[in-house]
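# Report on the structure
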2 protein chains.
Amino acid sequence: MPEDGKPLGGHIKVTREDWLAAALHVLIHDGVDQVKVLTLSARLGVSRSSFYWYFGNRQDLLDALLDHWQNTNTAALIAQAETPARTVTAAICNVHKCVVNTELFDTALDFAVRDWARRSDKVRRALDLSDARRLAALAEMFRRYDYPRSEAEARARVLYFMQIGYDLAQLGETPQQRLRFAPDYLQVFTGRDPDPEALEDFRAYTAQYWTLDEDGART
Amino acid sequence: MPEDGKPLGGHIKVTREDWLAAALHVLIHDGVDQVKVLTLSARLGVSRSSFYWYFGNRQDLLDALLDHWQNTNTAALIAQAETPARTVTAAICNVHKCVVNTELFDTALDFAVRDWARRSDKVRRALDLSDARRLAALAEMFRRYDYPRSEAEARARVLYFMQIGYDLAQLGETPQQRLRFAPDYLQVFTGRDPDPEALEDFRAYTAQYWTLDEDGART
DNA sequence: GAAAATCTGGACAGAAGTGTCCAGAATTTG
DNA sequence: CAAATTCTGGACACTTCTGTCCAGATTTTC
């Protein structure tokens, strides 16, 4: 049975991707220090020896995790920032959509890496570089809507760090639930009158995450 | 020599506070998982046995660290939010001063606890409670300057999470260095014309952290 | 200054993790 | 289907950390 990779005998087969997926899960939920060969092998129901076929050692796995992060989140956010939109409001809504959409951007992974960076110089450098690139892309986005350079940079910082801080604090909400508040912030982010059309579009997009209570208020 | 607690013999005496201080340092710089009895004893130049005189086990130490955090940062921020100021701008400047002033508020500790909360339900609950209290205090602060309730709450979130995200991202700057940018954000935070007097006061306060380059620009 | 209370060092037992080696199971190739 | 390749299980050696016990050093008390 080579198809499903799970033959009948006592030997259970796993792929390199299985190890990576398990490591990613533990990294996000429990932090780097908990990404251990022993723990992962238990999760996968396989012996530790298998791990050393796919990876030289634990550090190789950690390096692979960092690579994975670099090739996903940062690329997605920058691509979104560079996508043209009709108004600033619309552009900001799109950035919000991107960060909330777990297909494109894994918020939890981003924070796990941020934690990790506090303990590893290598990760710290990778993160600093990514932050700088993301900020530059966002500043450039504001620039396209005729904000002066210094204001564009300031607003990029507000938008980016606000997003970060928001998710970091968590407050028991999921990223989707937090979207409820996003429309309220749009004017704060732009410093201009909101674009009603973009606002309505965003409201429609985020509506799928809302539920209405008895008074009709968003909850 | 009971005074300095460092007698001549091979026995080196440490206090419970020494253990706590060492643990705090490791918690901030390396994360909870690195707060180990063995590591701390090495830092203090004392044997592990001493630790078990002051603490029942490792978990007791961690509990003490959480207590310490609860009795410092949250109290300081709330007290500052409740202190009257002439204008919103001035009030926000004071909050900034409080968070930056390491005597009152240990930013690094706050983030270490935030990391920790991702791995411990007990810490998670303590953090959620503190965040809610801090946010409520900040919203109340905006309320005193005649913002409608919903806007006051939104602005409290922007201010609080912005501060958090700002520090989290770090970007190689110290909290003090980051103060340079604060005046640029004041209008974003208030949505009103800045109070020039408060602004000037804040500028003077933060000036001590600036250095001027050859062109006279803040660096 | 002797007795009592405090505190530390060192030895011991054990849990948990890493990395290596190699027989041999499972799969693919010829 | 036999041979070659790919991958896993189990045993071994080693390291790091936790927690316990207790003799005895140090300080405090009377």
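All of these numbers come straight from a predicted model, not from anything done at the bench.

The helix and strand inventory of chain A stands at 12 helices and 0 strands. Going from N to C terminus, chain A has its helices and strands arranged as α-α-α-α-α-α-α-α-α-α-α-α. For chain A, the exposed area adds up to about 10800 Å²; of that, 52% sits on carbon and sulfur atoms.

This paragraph deals with the packing of aromatic side chains. By convention here, two paired aromatic rings are described through the distance between centres and the angle between planes. Residues and elements named next belong to chain A. Taken as a whole and judged by the stated rule, the model has 8 aromatic pairs over all chains. Plain terms: the ring middles of Trp19 and Phe51 are 5.3 Å apart, the flat faces sit at 80° to each other, and that makes the pair edge-to-face. In this pair, Trp19 sits in helix H1 (residues 16-30) while Phe51 sits in helix H3 (residues 48-54), placing the two residues 32 residues apart along the sequence. For Trp19, a relative accessible area of 0% gives the class buried. Here Phe51 and Phe55 contribute two aromatic rings whose centre-to-centre distance is 5.1 Å and whose plane-to-plane angle is 20°, an arrangement assigned as stacked.

Here we come to helix H4 (residues 58-70) of chain A. Residue and element names in this part refer to chain A. The terminal C-alpha atoms of H4 lie 19 Å apart, and with 13 residues this matches the ideal 18 Å at 1.5 Å per residue to within 8%. Here the buried face of H4 lies against H1, helix H2 (37-44), H3, helix H5 (73-82), helix H7 (107-117) and helix H8 (121-143). Of the residues flanking the start of H4, the one acting as N-cap is Asn57, its side-chain oxygen 3.1 Å from the backbone nitrogen of Gln59.

What follows concerns the packing of H5(A) against H8(A). Residues and elements named next belong to chain A. Contact pair H5 / H8: the axes reach a minimum separation of 9 Å and the direction vectors enclose 10°. The orientation of H5 relative to H8 falls into the category roughly parallel. From H5, Asn73, Thr74, Leu77, Ile78 and Ala81 reach across to H8, where they touch Ser130, Arg133, Arg134, Ala137, Leu138 and Met141. Residue composition of the contact of H5 with H8, grouped by class: 6 nonpolar, 3 polar and 2 charged.

This part covers the packing of H4(A) against H8(A). Residue and element names in this part refer to chain A. Where H4 contacts H8, the two axes come as close as 11 Å, and the packing angle between them is 5°. Regarding the angle of H4 to H8, the classification is roughly parallel. Of the residues in H8, those in contact with Gln59, Asp63, Leu66, Trp69 and Gln70 of H4 are Lys122, Val123, Ala126, Leu127, Ser130 and Arg134. Partitioned by chemical class, the residues of the contact of H4 with H8 number 5 nonpolar, 3 polar and 3 charged.

Turning to the side chain of Ser41(A), a few remarks are in order. Residues and elements named next belong to chain A. Looking at the secondary structure, you find Ser41 in helix H2. One polar contact links the side chain of Ser41 to the main-chain carbonyl oxygen of Leu38, over a distance of 2.7 Å. Leave out the neighbours within four places in its chain, and Ser41 touches Trp19, Val46, Ser47 and Arg48.

This next bit is on a positive patch on the surface. Together, Lys36(A), Arg58(A), Lys36(B) and Arg58(B) line one region of the surface with positive charge. As for its placement among the helices and strands, Lys36(A) is situated in the loop between H1 and H2. Exposure remark for Lys36(A): the relative accessible area of 37% places this residue in the partly exposed category.

Two side chains carrying opposite charge are able to pair once their charged atoms lie near each other. Residues and elements named next belong to chain B. By the definition in use, this model includes 18 salt bridges over all chains. A salt bridge links Lys122 to Asp63, with the shortest nitrogen-to-oxygen separation between them at 3.0 Å. A residue pair is termed long-range when its members are at least 10 positions apart, and Lys122 in helix H8 (residues 121-143) and Asp63 in helix H4 (residues 58-70) qualify at 59 residues.

Residues and elements named next belong to chain A. Among the structural elements, Leu61 can be located in helix H4. Spatially, the C-alpha atom of Leu61 lies 8.0 Å from that of Ala23, the residues being 38 residues apart in sequence. Each residue touching Leu61, except ones within four places of it in the same chain, is listed here: Trp19, Leu20, Ala23, Val35, Leu40, Phe51 and Phe55.

Another point: unusual backbone geometry. Among all residues except glycine, the phi angle is most often negative; among peptide bonds, the trans geometry is most common. Not every positive phi belongs to a glycine, and Asp146(A) is a case in point at roughly 70°. Here Asp146(A) lies in the loop between H8 and helix H9 (149-169).

Residue and element names in this part refer to chain B. With a relative accessible area of 41%, Lys122 lands in the partly exposed category. Taking the C-alpha atoms as reference points, Lys122 and Asp63, separated by 59 residues in sequence, lie 9.5 Å from one another. Once residues lying within four places of it in the same chain are set aside, the contact partners of Lys122 are Gln59, Asp63 and Leu66.

Attention shifts here to helix H6 (residues 88-100) of chain B. Between the first and last C-alpha of H6(B) there are 18 Å, a value that for 13 residues agrees with the 18 Å anticipated at 1.5 Å per step. Of all 13 residues in H6(B), 13 are buried; the element is thus mostly enclosed.

Before going further, it helps to spend a moment on the confidence of the model for chain A. Overall, the predicted model of chain A reaches an average pLDDT of 80, with 76% of residues at or above 70. In this model residues 1-9 of chain A is a low-confidence stretch, pLDDT under 50, and it forms 6 contacts with partners more than four residues away in sequence or in other chains.

Definitions and cut-offs
- Residues numbered from 1 in each chain as written.
- Chains lettered and ligands numbered in written order.
- Predicted model: local features only at pLDDT ≥ 70, side-chain atom pairs only at ≥ 80, totals over all residues.
- Heavy atoms only, no water.
- Helix = DSSP H or I, 4+ residues; strand = E, 2+ residues; numbered from the N terminus.
- Areas by Shrake-Rupley, 256 points an atom, 1.4 Å probe, with all protein chains shown as cover.
- Phe/Tyr/Trp six-rings, centres within 6.5 Å; stacked < 30°, edge-to-face > 60°.
- Buried < 20%, exposed > 50% of the residue type's maximum accessible area, 1.4 Å probe, protein only.
- Expected span 1.5 Å × (residues − 1).
- Contact = heavy atoms within 4.5 Å.
- Polar contact = N/O pair within 3.5 Å; in protein donor to acceptor, adjacent residues only side chain to side chain.
- Axes fitted to C-alpha atoms, helices over the stretch in contact; angles between N-to-C directions.
- Parallel < 35°, antiparallel > 145°, perpendicular 65-115°, else oblique.
- Nonpolar A, V, L, I, M, F, W, Y, C, P; charged D, E, K, R; others polar.
- Patch = residues over 30% accessible without salt bridge, like charges linked within 9 Å, V, L, I, M, F, W, Y side chains within 5 Å.
- Salt bridge = Lys/Arg side-chain N within 4 Å of Asp/Glu carboxyl O.
- Lys, Arg positive; Asp, Glu negative; His and termini not counted.
- Charge placed at Lys NZ, Arg CZ, Asp CG, Glu CD.
- pLDDT = per-residue confidence, 0-100.

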